[in-house]
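Secondary and tertiary structure notes
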Amino acid sequence: MNITLRQLKVFEAVARNRSYTKAAEALHLSQPAVSMQIRQLEDNCGLPLFEQMGKQTFLTPAGEELFRYASRILEQLGEIQTLFDELRGLERGAISISVATTASHFATRLLAEFAERNPGITVSLDVSNREQLLRQLDANERDFVIMGRPPEGRSLIAEPFMENPLVMIARPDHPLAGVKRIAFDRLAEERFVMREKGSGTRGAIERFFEARGLHHEATMELASNEAIKQAVMAGLGLGIVSQHIISLEVDTGRLVVLDVEGFPIMRHWYLVQREGKRLSPVSQAFRSFVLSEATRFMPSAMLGAVNDVVLPGKSGEREAGV
């Protein structure tokens, strides 16, 4: 049997994604190229590895067995690469980071400065939703993930490094714009546009509302923060979003932040890695950079309160709204 490393990588991607198309996207290959590698691998094995039922792709029993071995082999190769990176130091190397969609507004600038300081390092960045980030962590696909607080019960190390206040936004001509200390129960009369169920922001909002006895269903659910901003500007309702993503709209007078009792909902951004993961010198340098300097990438409106903040985990304080 003459299986190549390339065939194993392609097979593992198809098996993990249960899709030739998604595997092709992840590997930056064409779908015919992926199909050809799988055909050659099946010829080498002498057994079918996948079966197609309608639009769904399933592993055969032989495919299930090979997937277990392929995952371990590729993980061990990754450990070898980490070891070589350690021997080379920071002059060369690579790091792979995934960030939550909301965090992309500051994470891209943070990564750009890190790359500028370390020109020999290759940085791979993926922007995904919360569900995908957790899947990547489970599969040990990325060195670090930047996201809101991860769920309990997973073998993860999560370090808070920056505030992430959720604020309520409205059109400048909304009746509540400019009103001081808006009573929380006043919101029962309002329409809201929110992120889809399952997003970290939506979960924090629902817990915050429930703790105050206000059950409020979204009148419109949208899959991105940009869509929420556009919907609020169009007058479709109020929105609750991270303060990180609205600086431009507030500065240009297209949105206002409402002064609502109990707001902002204070959350934090976390640098997350798999527990027990061996960090290369590049990864260690990136971790130190984030934990010591990330606050410089906050929106200017947030900087005044930074010195007064106690991050969760530093003195036992629990994160509000989480």
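It should be noted that the structure appears before, not after, this text.
Our subject in this report is the structure included herewith. (Residues numbered from 1 in each chain as written. Predicted model: local features only at pLDDT ≥ 70, side-chain atom pairs only at ≥ 80, totals over all residues. Heavy atoms only, no water.)

1. Let's talk about the layout of surface pockets
Within this model, the largest pocket holds a volume of roughly 1800 Å³. When residues of the lining of the largest pocket are traced back to their parent elements, those giving at least two are α1 (5-17), α2 (20-27), α4 (61-88), β3 (93-100), β4 (121-128) and α6 (130-138). If one sorts the elements of the lining of the largest pocket by residue count, α4 sits on top with 10 residues. Residues that form the lining of the largest pocket fall into these classes: 11 nonpolar, 16 polar and 18 charged. (1 Å grid on protein atoms, 1.4 Å probe; cavity = no way out; pocket = protein on both sides within 12 Å on 5 of 7 lines; lining within 4 Å. Points joined across faces, edges and corners; volume = space filled by probe spheres on them. Helix = DSSP H or I, 4+ residues; strand = E, 2+ residues; numbered from the N terminus. Nonpolar A, V, L, I, M, F, W, Y, C, P; charged D, E, K, R; others polar.)

2. Some thoughts on the packing of α2 against helix α3 (residues 31-45)
Between two packed helices, both the angle of their axes relative to each other and the distance between the axes serve to describe the pair. Where α2 meets α3, the closest approach of the two axes is 9 Å, and the angle between their N-to-C directions is 105 degrees. Considering the angle they form, α2 stands roughly perpendicular to α3. The residues of α3 that touch α2, namely those facing Tyr 20, Thr 21 and Ala 24, are Gln 31, Val 34, Ser 35 and Ile 38. (Axes fitted to C-alpha atoms, helices over the stretch in contact; angles between N-to-C directions. Parallel < 35°, antiparallel > 145°, perpendicular 65-115°, else oblique. Contact = heavy atoms within 4.5 Å.)

3. Concerning the nonpolar core
Residues Phe 106, Phe 161, Phe 286 and Val 290 are the most contacted members of the largest nonpolar core, which totals 33 residues. Mapped onto this core, the elements with two or more residues apiece are β3, α5 (104-117), α6, β5 (144-147), β6 (156-170), β11 (265-274) and α10 (281-293). Leu 187, Phe 192, Ile 205 and Val 260 belong to the second-largest nonpolar core, a separate cluster that totals 20 residues. (Core = buried A, V, L, I, M, F, W, Y, C linked by side-chain atoms within 4.5 Å. Buried < 20%, exposed > 50% of the residue type's maximum accessible area, 1.4 Å probe, protein only.)

4. Focus: the packing of α1 against α3
In the contact formed by α1 and α3, the axes pass within 9 Å of each other and the chain directions differ by 110 degrees. As summarised for this structure, α1 and α3 are arranged roughly perpendicular, according to the angle between their axes. Note that α1 runs across α3; the crossing there is left-handed. Counting all contacts with α1, which are made through Arg 6, Gln 7, Val 10, Phe 11 and Val 14, the residues of α3 involved are Val 34, Gln 37, Ile 38, Gln 40, Leu 41 and Asn 44. The class makeup of the residues in the contact of α1 with α3 is six nonpolar, four polar and one charged. (Left-handed = near helix turned anticlockwise from the far one by under 90°.)

5. Topic: the packing of aromatic side chains
All chains considered together, the criterion is met by 12 aromatic pairs. Where Phe 208 meets Phe 209, the ring centres are 6.4 Å apart and the plane angle is 55 degrees; that geometry is what we call tilted. Residue Phe 209 is classed as buried on the basis of its relative accessible area, which comes to 3%. Three or more aromatic residues joined by ring pairs form one cluster here, namely Phe 184, Phe 192, Phe 208, Phe 209 and Phe 263. Over the ring of Tyr 69 we find Arg 72; its NZ or CZ atom is 4.9 Å from the centre of that ring. Over the ring of Phe 208 we find Arg 212; its NZ or CZ atom is 3.7 Å from the centre of that ring. (Phe/Tyr/Trp six-rings, centres within 6.5 Å; stacked < 30°, edge-to-face > 60°. Lys NZ or Arg CZ within 6 Å of the ring centre and 35° of its normal.)

6. Re the pattern of salt bridges
Counted by the stated rule, this structure contains 19 salt bridges. Of the charged contacts, one joins Arg 117 and Glu 293 as a salt bridge, the two residues approaching to 2.7 Å between their closest N and O atoms. Pair noted here: Arg 117 is in helix α5 and Glu 293 is in helix α10, with a separation of 176 residues, a long-range link. The class for Arg 117 is partly exposed, based on a relative accessible area of 44%. We note a salt bridge from Arg 154 to Asp 138, for which the minimum N-O separation is 2.6 Å. Residue Arg 154 is located in the loop between β5 and β6, and its partner Asp 138 is located in helix α6; the two are separated by 16 residues in the primary sequence. The network of salt bridges with common partners includes Glu 12, Arg 16, Arg 135 and Glu 141. (Salt bridge = Lys/Arg side-chain N within 4 Å of Asp/Glu carboxyl O.)

7. Details of unusual backbone geometry
The omega torsion of the bond from Phe 263 to Pro 264 falls at 5 degrees, within 30 degrees of zero and hence cis. Considering the arrangement of structural elements, one finds Pro 264 in the loop between β10 (256-257) and β11. A positive phi angle is found at Arg 18, which is not glycine, with a value near 55 degrees. As for its placement among the helices and strands, Arg 18 is situated in the loop between α1 and α2. For Asn 140, which is not glycine, the phi torsion reads 55 degrees and is therefore positive. Note on placement: Asn 140 falls in the loop between α6 and β5.

8. Focus on the pairing of strand β9 (residues 238-242)
Across a regular strand the side chains alternate sides, sitting on one face of the sheet and then on the other. Among the five residues of β9, five are classified as buried, and the element is accordingly described as predominantly covered. Pairing of strand β7 (residues 192-195) with β9 involves two bridges; the strand directions are parallel. Counterpart to Phe 192 in the pairing with β9 is Leu 238. (Pairing = 2+ DSSP bridges.)

9. A short note on helix α8 (residues 225-233)
The complete set of buried residues in α8 reads Asn 225, Ile 228, Lys 229, Ala 231, Val 232 and Met 233. Just beyond α8, the residue with positive phi is Gly 235, at close to 85 degrees.

10. Here's the deal with empty space enclosed by the protein
Taken as a whole and assessed by the stated rule, the structure comprises one cavity of 30 Å³ or more. Of the volumes computed, that of the largest cavity is approximately 170 Å³. What lines the largest cavity is a set of 14 residues, and nearest its centre among them are Ala 100, Thr 102, Arg 130, Gly 200 and Thr 201. Looking at the lining of the largest cavity, the elements that each hand over two or more residues are α7 (200-211) and β11. Residues of the lining of the largest cavity, tallied by class, amount to two nonpolar, nine polar and three charged.

Keep in mind these numbers describe shape, not what the thing actually does.
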